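Per-entry structural report
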Amino acid sequence: MNDKQALSDLKILEYSHLASGPFCAKVMADLGAEVVKIEEPGKGDEARNHGPFPEDRPHPEKSALFLHLNTNKLGITLNLRHPLGKKLFLQLVEQADIFIENNPPKLMQELEFDYEHLMKINPRLIMTSITSFGQTGPYRDYKTTELISFHMGGVGYETPINQVTDPEREPPLKAAGHQANLLAGWTGATATMAAVFARQTTGRGQHIDISEQDAVANMIRPNFSRYSYAHEIANREKRGLPWILPCKGGHISFSPQGDRFWRGLMEMLGNPEWARNEKFKDFTTRREHVDEMEGHIIEWTMQRTKEEIFEKAQAHHIPCFPVNSMSEVFRAEQFKAREFFVEIDHPVAGKFQFPGAPYKLSTSPWQIRRPAPLLGEHNEEIFCKRLGYKREELVKLRMNGVI
Amino acid sequence: MSPLPLEGIRVTDFGWILAVPHCTAWLGALGAEVIRVESMARPDLGRLYPGSAADGIPGINRSGGFNGLNYSKKSCNLNLSQPKGVELARELIKLSDIVTENFTSGVMGRFGLDYLSLKKINPDIIMLSGTPLGKTGPLKDSVGWGPNTQSYVGMTYMTGYPDGSPGGLGGTWPDYMVGVAMAFAVMSALHYRNRTGEGQHIDLAMGELVMTMLPEGVMDYVMNGRERYRMGNHDEVMAPHNCYRCQGEDKWVAIAVTNEEEWQALCQVIDKPEWRRDERFSDPLSRWKHQDELDRLIEIWTKEHTHYEVMEMLQKAGVPAGPSFDTGELIDDPHFQSRRLCLEMDHPEVGPRMAAGLPPKWSGIEPHYSHAPLFGEHNSYVFHDLLGLSEEEIVQLVEEKVIY
């Protein structure tokens, strides 16, 4: 039995799909928690239908999204609408420390699996609910996707940051991937740990209500302060030097903000003639002539590759990194030295490199103990070994549409 | 309500700017005693950022960005470039459970405040170190902020307009995101310590964290050798899927159609039943191929309405849609208000101001919010009450610029 990881004493039940709930459960599973993931019989988690797939051949056991978001979990199938399925579910709830779900509040109420009901079965249960807009409020039953959540949380309006010169033609943007969903998931995990501590004193569980919109709005928190300090509205328009500049063969991300870095910047550029002009003598004048300054700097960057600029900037202590494509990420020495990518061997999908530990804990490390589960892979383990059903009965359960 | 979950835990916090300060705001609001160690020799840039000075008047206690991020914490002054300063820091760490920092890689080591040194004086200390790319490896000493680090790991390459340059995310991503994950990692380590008595070092690289949240881009390259490219607001599969202009200046609504049912509902709301029979749009693959044309047609309709009107009409019909909110709109939005993420905090120097609290709502935890500390506000508490120095000793140390 795994004892050596930070969360190996925690037993988690998960009934969630796609991204936010599964990711919340993943970050806890990867630190040792036991996660039993419930999927609908036959269909499974909708993420199984999401690419990328190896060689673009869709297969429910080979979705990279599913494989990444469900590492270290035990997988069972269970029909929560079937009376016997409900009974089995409640037996599992009885044994769990934590229940993670990301279903619409109306559905959980309909199933009678909302917190009011579950706490009666297990007063120690910590239930973490992750939804688009939370359990209360006028938009509670509104539908979102990643796109909608990212924009309604206020971050889309500022993306791409410090870059746009024609806002009418350059709309607010979403980020690559599922940032709002995954962020909501992580917010749920952090909140769950707080509840674990609370339970140590009180002996009782509680309900955690995560609104994806609030999780995203948390990312523009200074805006709320600034709004009440200085009445500013942040948006995606370019103000001052852009943070991403073109260079030879690509782009460089570069933040020589303020006076701090001016001297270093000038040294890096070789104390150019143009910089000695009155126009660039201090912070205020430089702000007035920033477009001209940008022009000069780009003249310099366009003659150098991102690697060259990166090395020079770092030598002058200027915050700077190249804008890497994925192939460049994989070639980077840094990730090899850190052993960041890990090979996971999956019984159907095969062996692939996956993103590894998001942090290195020296005594109780992040670890892949098992790949993402096949659909219903651990039905026998859970229903027979733990809940006492015989193997033959599993067949009956399957044929009755319970599992 | 019950006592706070992290009551009795003490954090010596060397964090500055954004990521670690967000982490320790979680810890402080959840009941830990967070003591920021600050110095005029190297003031937190967040305190000095001119853009958010209260009413345009700058001051070390007047920064909105700082005050809205560093609530529920204490502040003491220690100049670590003085040996006596380091000595006092070590005394404080002896009394602490957690140490947090996000200096460039070698800095804590130079002061003799690296994990192995601290473990000798406090064997079960938990130490969190945040860096752009990690405390090991050829780039361990790199200087970088959120916007740059996200670029190193492929995020900006995949974000932006299809015909434009790579784009950074709003909100100086991933700084606050990292803060949330840091709080999780610290609490996980604390949980382990409660069970085993063992502390540990947490080496958290911002870039590695961002990549954990980019599986689509990473795995398409791993599995298929394919570079995912910028596609604006479009999606690999769904269409229509974009932001559309609405009435007013720079007002947009996001709309995403995920299945046939929603597509038909959209056509009904816009009153374009003929789109359902149009060859260009009648099946999901054709819709996706012709989405630029479809986007233009949809925008003719959205431009006649406000973004709120579009949201209400489409949500009523079961279609995911909502405005791309700017901060002012968000603050005024009835749903966002009902969630009470933003609260008013009274501050001794700038008075009552708005700050974002912690996003979760717990049924059994009421986070504790107190105003961000004035610079050095708790010097007397830390040096006299906690470390037992006399008034005279403290005065002397102030003169020597140790308490500085």
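Residues numbered from 1 in each chain as written. Chains lettered and ligands numbered in written order. Predicted model: local features only at pLDDT ≥ 70, side-chain atom pairs only at ≥ 80, totals over all residues.

Let's shift gears to the overall build of chain A. When helices and strands are counted, chain A shows 17 helices and 12 strands. On the principal axes, the C-alpha backbone points of chain A span a range of 85 × 45 × 45 Å. Taking all 403 residues of chain A together, the buried fraction comes to 54%. Taking the intrachain contacts of chain A between residues at least 6 apart in sequence as the baseline, contacts between residues at least 24 apart amount to 71%. (Helix = DSSP H or I, 4+ residues; strand = E, 2+ residues; numbered from the N terminus. Buried ≥ 20, exposed ≤ 12 C-beta atoms within 10 Å, placed from the backbone. Contact = placed C-beta atoms within 7 Å.)

Another aspect to go through is the overall build of chain B. Along the backbone of chain B there are 18 helices and 12 strands. Summarising its shape, the C-alpha atoms of chain B cover approximately 85 × 50 × 40 Å along the three principal directions. Taken over 404 residues, chain B has a buried fraction of 58%. Sequence-distant contacts in chain B: of pairs separated by 6 or more residues, those separated by 24 or more amount to 67%.

Residue and element names in this part refer to chain A. Within strand S1 (residues 11-15), four of the five residues are buried, leaving the element largely enclosed by the surrounding structure. Two strands pair when backbone bridges link them, and S1 and strand S2 (residues 34-39) are joined in this way by four bridges, in the parallel orientation. Bridged to Ile12 within S2 is Val35. What joins S1 to S2 is helix H1 (residues 20-29), and the crossover it makes is right-handed. (Pairing = 2+ DSSP bridges. Right-handed = clockwise from strand over helix to strand, strands pointing away.)

This next bit is on the nonpolar core. One finds Met28 of chain A together with Met182 and Val186 of chain B to be the most contacted residues of the largest nonpolar core, which totals 228 residues. If one sorts the elements of this core by residue count, helix H8 (residues 175-196) of chain B sits on top with 14 residues. (Core = buried A, V, L, I, M, F, W, Y, C linked by C-beta atoms within 7 Å.)

Turning our eyes to something else, we now look at the environment of Lys312 of chain A. Residues and elements named next belong to chain A. As for its position among the elements, Lys312 is in helix H13 (residues 306-315). Residue Lys312 is classed as partly exposed on the basis of its C-beta count, with 16 C-beta atoms lying within 10 Å. Separated by 286 residues in sequence, Lys312 and Lys26 place their C-alpha atoms 39 Å apart.

Another aspect to go through is the sheet that holds strand S9 (residues 320-322) of chain A. All names here are of chain A. Taken in spatial order, the three strands of this open sheet run S7-S8-S9, and their pairing is antiparallel. Since the sheet does not close on itself, it has two edges, and those belong to strand S7 (244-247) and S9, each with one partner. Neighbour-to-neighbour, the strand axes of the sheet open up by a mean angle of 30°, direction not taken into account. Bridge count for strand S8 (residues 250-254) against S9 is three bridges, and the pairing is antiparallel. (Axes fitted to C-alpha atoms, helices over the stretch in contact; angles between N-to-C directions.)

It is worth spelling out the environment of Thr187 of chain A at this point. Following the sequence through the fold, Thr187 of chain A ends up in helix H7 (residues 179-202). A tally of 31 C-beta atoms within 10 Å means that Thr187 of chain A is categorised as buried. Spatially, the C-alpha atoms of Thr187 of chain A and Lys385 of chain A are 33 Å apart, while their sequence positions differ by 198 residues. In this view, Thr187 of chain A contacts Ile210 and Ala215 of chain A together with Val180, Pro359 and Pro360 of chain B; residues no more than four positions away in its chain are not counted.

Residue and element names in this part refer to chain B. For strand S2 (residues 33-38), the tally of buried residues reaches six of six residues, placing the bulk of the element in the interior. Alternating positions in S2 separate into two faces, Glu33, Ile35 and Val37 on one and Val34, Arg36 and Glu38 on the other, with burial throughout. The pairing of strand S1 (residues 10-13) with S2 spans four bridges and is parallel. Residue pairing in the sheet places Arg10 in a bridge with Glu33 of S2. Where the polypeptide runs from S1 across helix H1 (residues 19-29) and back to S2, its parallel neighbour, the crossover connection is right-handed. Across four bridges, S2 lies against strand S3 (residues 74-77) in parallel orientation. For Ile35, the partnering residue across the bridge sits in S3 and is Lys74.

Glancing now at the packing of H7 of chain A against H8 of chain B. Here H7 of chain A crosses H8 of chain B at 30°, and the two axes come no closer than 9 Å. In this view, H7 of chain A runs roughly parallel relative to H8 of chain B, as classed from their interaxial angle. For H7 of chain A against H8 of chain B, the interelement crossing comes out left-handed. Contacts between H7 of chain A and H8 of chain B involve Leu183, Trp186, Thr187, Ala189, Thr190, Met193, Ala194, Val196 and Phe197 of chain A from the first element and Met177, Val180, Ala181, Ala183, Phe184, Met187, Ser188 and His191 of chain B from the second. (Parallel < 35°, antiparallel > 145°, perpendicular 65-115°, else oblique. Left-handed = near helix turned anticlockwise from the far one by under 90°.)

The next point concerns the interface of chain A and chain B. With 124 residues of chain A at the contact, the number on the chain B side is 125 residues. Here the side of chain A that touches chain B gets 16 residues from one element, more than from any other, and that element is H7 of chain A. Class assignment of the residues belonging to the side of chain A that touches chain B gives a composition of 68 nonpolar, 40 polar and 16 charged. Relative to strand S6 (residues 200-205) of chain B, strand S12 (residues 360-361) of chain A runs antiparallel, the two sharing two bridges. Directly across from Lys360 of chain A, in S6 of chain B, lies its bridge partner Asp203 of chain B. (Nonpolar A, V, L, I, M, F, W, Y, C, P; charged D, E, K, R; others polar.)

Right, let's get into the domain arrangement of chain A. When cut into domains, chain A gives domain 1 (11-219 + 338-399) and domain 2 (244-327). Summarising the inter-unit geometry, the C-alpha centres of domain 1 of chain A and domain 2 of chain A are found 43 Å apart. (Domains from an automatic or database assignment.)

Turning to the domain arrangement of chain B, a few remarks are in order. You'll often see interface size given as the accessible area lost when the parts meet. Segmentation of chain B into domains returns domain 1 (10-212 + 340-399) and domain 2 (241-245 + 251-325). Taken over C-alpha atoms, the centre of domain 1 of chain B sits 44 Å from the centre of domain 2 of chain B.

Let's shift gears to the sheet that holds S1 of chain A. One open sheet accounts for seven strands, arranged S3(A)-S2(A)-S1(A)-S4(A)-S5(A)-S6(A)-S12(B); its pairing is mixed. Bordering the open sheet on either side are strand S3 (73-77) of chain A together with strand S12 (361-362) of chain B, each of which pairs with just one other strand. Relative to S3 of chain A, S2 of chain A is paired through five bridges, and the arrangement is parallel. Within S3 of chain A, the position partnered with Ile38 of chain A by the bridge is Ile76 of chain A.

With that settled, consider H13 of chain A. Residue and element names in this part refer to chain A. Taken residue by residue, H13 has Lys306, Ile309, Phe310 and Ala313 as its buried positions. Buried residues of H13 fall within an arc of 100° about the axis and therefore sit on the same side. Positive phi shows up at His317, right after H13, with a value of about 55°. (Arc of directions from axis to C-beta.)

Residue and element names in this part refer to chain A. Here Phe280 lies in the loop between helix H10 (258-268) and helix H11 (283-288). Distance from Phe280 to Val290, taken between C-alpha atoms, is 8.7 Å for residues 10 residues apart in sequence. Look past the residues within four positions of Phe280 in its chain and what remains in contact with it is Ala275, Thr285, Arg286, His289 and Met293.

With that out of the way, let us pick up helix H10 (residues 215-224) of chain B. For H10 of chain B, the buried fraction is high: nine of the 10 residues fall into the buried class. Listing the buried residues of H10 of chain B in full gives Pro215, Glu216, Gly217, Val218, Met219, Asp220, Tyr221, Val222 and Met223 of chain B. Tucked into the core, H10 of chain B has its buried residues touching helix H2 (64-69), helix H14 (326-331) and strand S11 (350-355) of chain A together with helix H9 (206-212) of chain B. Where H10 of chain B terminates, the next one or two residues include Gly225 of chain B, which has phi positive at roughly 65°.

The next point concerns unusual backbone geometry. Note on backbone geometry: most residues besides glycine have negative phi, and most peptide bonds are trans. Cis geometry is found at the peptide bond from Thr159 of chain A to Pro160 of chain A, where omega equals 0°. Inspection of the secondary structure assignment puts Pro160 of chain A in the loop between helix H6 (146-152) and H7. Omega for the bond connecting Trp173 of chain B with Pro174 of chain B falls within 30 degrees of zero, at 5°, which places this linkage in the cis form. Here Pro174 of chain B is to be found in the loop between helix H7 (146-152) and H8. Positive phi, normally seen in glycine, also occurs at Arg340 of chain B, with a value near 55°.

In the predicted model, chain B carries a mean pLDDT of 96, and 100% of its residues have values of at least 70. Two summary scores accompany this predicted model of the complex, namely pTM at 0.97 and ipTM at 0.97. (pLDDT = per-residue confidence, 0-100.)

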